[in-house]
Amino acid sequence: MSASWKQLLSQVLLLLVSCRHVNTKTPSPTAPALAPLPTNVSSVVLKGKSHTENIQLLNPVNLTLVCIWTGHQNTAPNITGHWRKDGEEIQSSRRSVQVDSQQYNMTRVFSIDKEENLGNYSCVFGDEAKIDFILAAPQFDEDRDKPIISYVGDSVGLTCKMANPDPNTWTWYKENGTAKELISAEPQRYEIKNTNNHTKLLVHNLTEADSGVFFCGAVFAIHTTMRPVELKVITFMEPLKPFISILVEVVVLVAAILLFERCQSKKKVPAGDGTTADQKNMLPQGDDNASEGSSSMRQRKV
Amino acid sequence: MFYSLNRIMSPAPADALGYKPLDGGWGWMVVFGAHISIGFAYSTPKALSIFFKDIQEDLGASSSEIAWISSIMLAVMYAGGPVSSMLVTRFGSRPVVITGGLMCGVSMTTASFGSSIVYLYFCIGIIGGCGLSLNLNASLTIISKYFLAKRPLANGLAMAGSPVFLCFLAPVNQYLLGQFGWRGSLLILGGMMLNCCVAGALMRPVTPLCRPSSCAPPKKVEQPDKQNTKIKRSFVKNLKTFLDISFFKDRGFVIYLIGNVMFIFGAYAPIVFLSAYAINQGVEKYSAAYLLSIMGFVDMFVRPGTGLIANSKWIRPRIQYFFSFAMVFQGTCHLLCPLIKSYAFLVVYAVFFGIGFGMVFALIFECLMDLMGNERFPSAVGLVTIIECVPMLLGPPAAGSLVDKFGDYKYLFFMCGSVIVTGGLFLFVMNVYNYRMLAKEKRAKNRERNQSTAENQDQGNVSEAEMEQTEMNGAQQDVENAETPIEM
């Protein structure tokens, strides 16, 4: 692993990149993994004041970041530029940048071989322009914000999906206090089913102690991306309480309505020919003529 | 003559009922009960879809397998119509609705313990569907027993239960899902559906025979016997008409049926695909979901409003025409939809969609009651619902296949809109024809009757009543059919 050879190689690549049409902002495709660290180049041309570039890394790589700034109207012959990582200035990265055909050019090679090397790298031109490169492992699409609810004694499946690219493998952790415990397959308890782009953790014989946050980890060479999945285990009594209360309410209402009706009809019986509304429904047949005539008249008026 | 034609489009006379309907008082409690019952009937199959994703993950089913739950439930609900009609005619509305409520409660409660998709098909789909079909038919029938003059309004209020309950159930289901998971939610939903039993308790029967506690006072004991035989005879008659041949001889019924089938075929597909269409036009996901909520919200107010309008002096005699107008309006909305590109106009479309949908559904059963009369309504509605099963199940997949084939949603809207507009126009034209024919037949009958007035003094009353208010087929059939004399 000769760093200077790598640097030379990257400089050559840089020249090739600069000679081409400069308006592209896409990073070059990932180089296949070689025994020594592979190289990669990301080049950004900035026309305004700032820009953010997201770079997805799966494997350790020697990454060359190229910043080209077209400057503004009063282009001074030189400007002081420096590099930052996660907001902090990188030691001895400050140097003077010369104008070259109306462009300022800053280049630096970073060795990204550990998780700690991922982060937000910025090249800063004086106080005026900045390009951010966010180096990260592939992230999950979206967080499942709602907890998964399951019942004591039941089984539940927790899934995680990663659209692209496919991780090398998957791992599962359970949060225990602040630490994360690795989960391995246990018969009758934990079962892990993996495919290329998604994983499923089956937990059998749930108990209330199983409630908590689980983490699924998508393992890449450079870093394992985690995603929390919350599980809540409840007993069957929990939904049973509202159910019973609704049941009681229904029974009470039905009884009340039927009792009310019985009371009303008892009041009507001693009244005999009473004129309450319900009795009108039960007119004897003989009155049909009159009712028929009046109701049909009423219809027409309607 | 056309004026008199319009004038005579009044509903079947009260004399066929044998009593004067309440048109108020306890009737409004019955409307409330019907509102709850119909609300659960129409909104449950739709509201269940909120649980589908979780059930799918838990039971390992595919999306189409899960969607079958709703389809089976709707199909059974509609197909159970004739059975429900028979039970309602035999036992009255109250026991049937209480049974329906119990079945629904049991169905959801047992479904919460399910561990396979077939078990859910049986519990939710079949048992739940049966329960809902009992509810639907019985609720509509009891309204026709309690209301005549204010029946369109009562129908509008009762049918408004569907959008109200959908608006209520959707967020409640989401909340329950977050708190208790799908199993607990189904359990609690089962409990809520037991409230249909409360609705059933409210549906106090009007004939004296159904419950001993509400029997007529002793001096009217002789009447119950006559009523008893009358009910037995009508039960036997209904058994005969269950196999629907005599209904198909009724011109008005066939016209109504054809128009309805066309409407139902095109009615549900736009609802199913509205969100997808909006997202296709570039609208954001949550805003697209809002469109359906807007439609449901508008629907909630339009239904009773339409009932009120239909009850008015001017519209009531022409209610069948109003129904055709509502259908044409709805169809035109759909035809205009593909011209809409922006979200603001989509909201306007959703509002008009809600208006049209509400208008049609407020009138759909009122028009059948108007055509059939109280006696034949329960069997008629059972027959109509079982036949409507077919377009209801075929409509959305047919529309979906259009989308798949052409890759464009506009053909879906064109198809649905044109089918509905055609149905509406068909109803309008055929109703004009039908009433002309009815008037002709009536005049011929009156001439015959006048020639033999001497036989029975009651007949004089009959013809007088007939001339005063020429009625629909319902009354005609009653006159023709000696089994149900106008008076005893």
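Residues numbered from 1 in each chain as written. Chains lettered and ligands numbered in written order. Predicted model: local features only at pLDDT ≥ 70, side-chain atom pairs only at ≥ 80, totals over all residues. Heavy atoms only, no water.

Points about the confidence of the model for chain B
All names here are of chain B. Mean pLDDT over chain B stands at 83; residues scoring 70 or higher make up 82%. Within the model, the stretch residues 1-15 combines pLDDT values under 50 with 45 contacts to residues more than four positions away or in other chains. In the model, residues 470-488 has pLDDT below 50 throughout and makes 49 contacts with residues more than four positions away in sequence or in other chains. Scored as a complex, the prediction yields pTM 0.75 and ipTM 0.78. (pLDDT = per-residue confidence, 0-100. Contact = heavy atoms within 4.5 Å.)

Some thoughts on the sheet that holds strand β12 (residues 169-176) of chain A
Taking strand neighbours across the sheet as the criterion, the five strands line up as β10-β17-β16-β12-β13 (chain A) in an open arrangement whose pairing is mixed. The open sheet is flanked by β10 (148-151) and β13 (179-182) of chain A, the only strands paired with a single partner. Taking each pair of neighbouring strands and ignoring which way they run, the sheet shows an average axis angle of 35°. Relative to strand β17 (residues 224-234) of chain A, β10 of chain A runs parallel, the two being bridged by four bridges. Bridge pairing links S150 of chain A to V233 of chain A in β17 of chain A. Relative to the sheet, helix α9 (residues 161-193) of chain B contacts β10 and β17 of chain A, its axis offset from that of β10 of chain A by approximately 50°. (Pairing = 2+ DSSP bridges. Helix = DSSP H or I, 4+ residues; strand = E, 2+ residues; numbered from the N terminus. Axes fitted to C-alpha atoms, helices over the stretch in contact; angles between N-to-C directions.)

Examining the packing of helix α6 (residues 93-111) of chain B against α9 of chain B
Residues and elements named next belong to chain B. In the contact formed by α6 and α9, the axes pass within 7 Å of each other and the chain directions differ by 170°. Judged by the angle between their axes, α6 and α9 are roughly antiparallel. Mapping the contact onto sequence places G101, C104, G105, M108, T109 and A111 in α6 and W182, L186, L187, L189, G190 and M193 in α9. (Parallel < 35°, antiparallel > 145°, perpendicular 65-115°, else oblique.)

A look at the sheet that holds strand β14 (residues 190-194) of chain A
All names here are of chain A. In space, the three strands of this open sheet follow the order β11-β15-β14, with antiparallel pairing throughout. The open sheet has two edge strands, β11 (156-161) and β14, and neither has a second partner. Between one strand axis and the next, the sheet turns through 15° on average, direction left out of account. Of the strand pairs in this sheet, β11 and strand β15 (residues 198-203) are connected by six bridges, and their pairing is antiparallel. Paired with T159 across the two strands is K200, which belongs to β15.

Here we look at the state of the cysteines
All names here are of chain A. All chains considered together, the criterion is met by two disulfides over all chains. Between the sulfur atoms of C67 and its disulfide partner C123 the distance amounts to 2.0 Å. What sets the handedness of the C67 and C123 disulfide is the S-S torsion sign, and at about -110° it is left-handed. In this pair, C67 sits in strand β3 (residues 61-69) while C123 sits in strand β8 (residues 119-125), placing the two residues 56 residues apart along the sequence. Across the disulfide, C160 is cross-linked to C216 (sulfur-sulfur distance 1.8 Å). (Disulfide = S-S within 2.5 Å.)

Overview of the domain arrangement of chain B
All names here are of chain B. Taken as a whole, chain B is organised into domain 1 (23-206) and domain 2 (247-448). Measuring from the centre of the C-alpha atoms in domain 1 to the corresponding centre in domain 2 gives 22 Å. Taken together, the contact pairs 30 residues of domain 1 with 32 residues of domain 2. Interface of domain 1 and domain 2: buried area, both sides summed, is about 2700 Å²; carbon and sulfur atoms make up 68% of it. At the boundary of domain 1 and domain 2, one finds one salt bridge. Notably, a salt bridge pairs R151 with E366, separated by 3.3 Å at the nearest N-O pair. The interface formed by domain 1 and domain 2 contains 11 residue pairs in polar contact (both at pLDDT 80 or more). (Domains from an automatic or database assignment. Buried area = accessible area lost by both parts, 1.4 Å probe. Salt bridge = Lys/Arg side-chain N within 4 Å of Asp/Glu carboxyl O. Polar contact = N/O pair within 3.5 Å; in protein donor to acceptor, adjacent residues only side chain to side chain.)

Considerations on the pairing of β15 of chain A
All names here are of chain A. Taken together, the five bridges between β14 and β15 define a ladder with antiparallel strand orientation. Considered in β15, the bridge of I192 is made with L201. The antiparallel pairing of β14 with β15 creates a hairpin that spans three residues between the two strands.

Considering the pairing of strand β4 (residues 78-85) of chain A
All names here are of chain A. One ladder, built from four bridges, connects β4 with strand β6 (residues 95-98); its direction is antiparallel. Following the sheet pairing, N78 is matched in β6 by Q98. Here two bridges tie β4 to strand β5 (residues 88-89), and the two strands are oriented antiparallel to one another. Looking at β5, one finds that K85 is bridged to E88. Taken together, β4 and the strand that follows it, β5, pair antiparallel across an intervening segment of two residues, in which D86 is found at a positive phi of about 50°.

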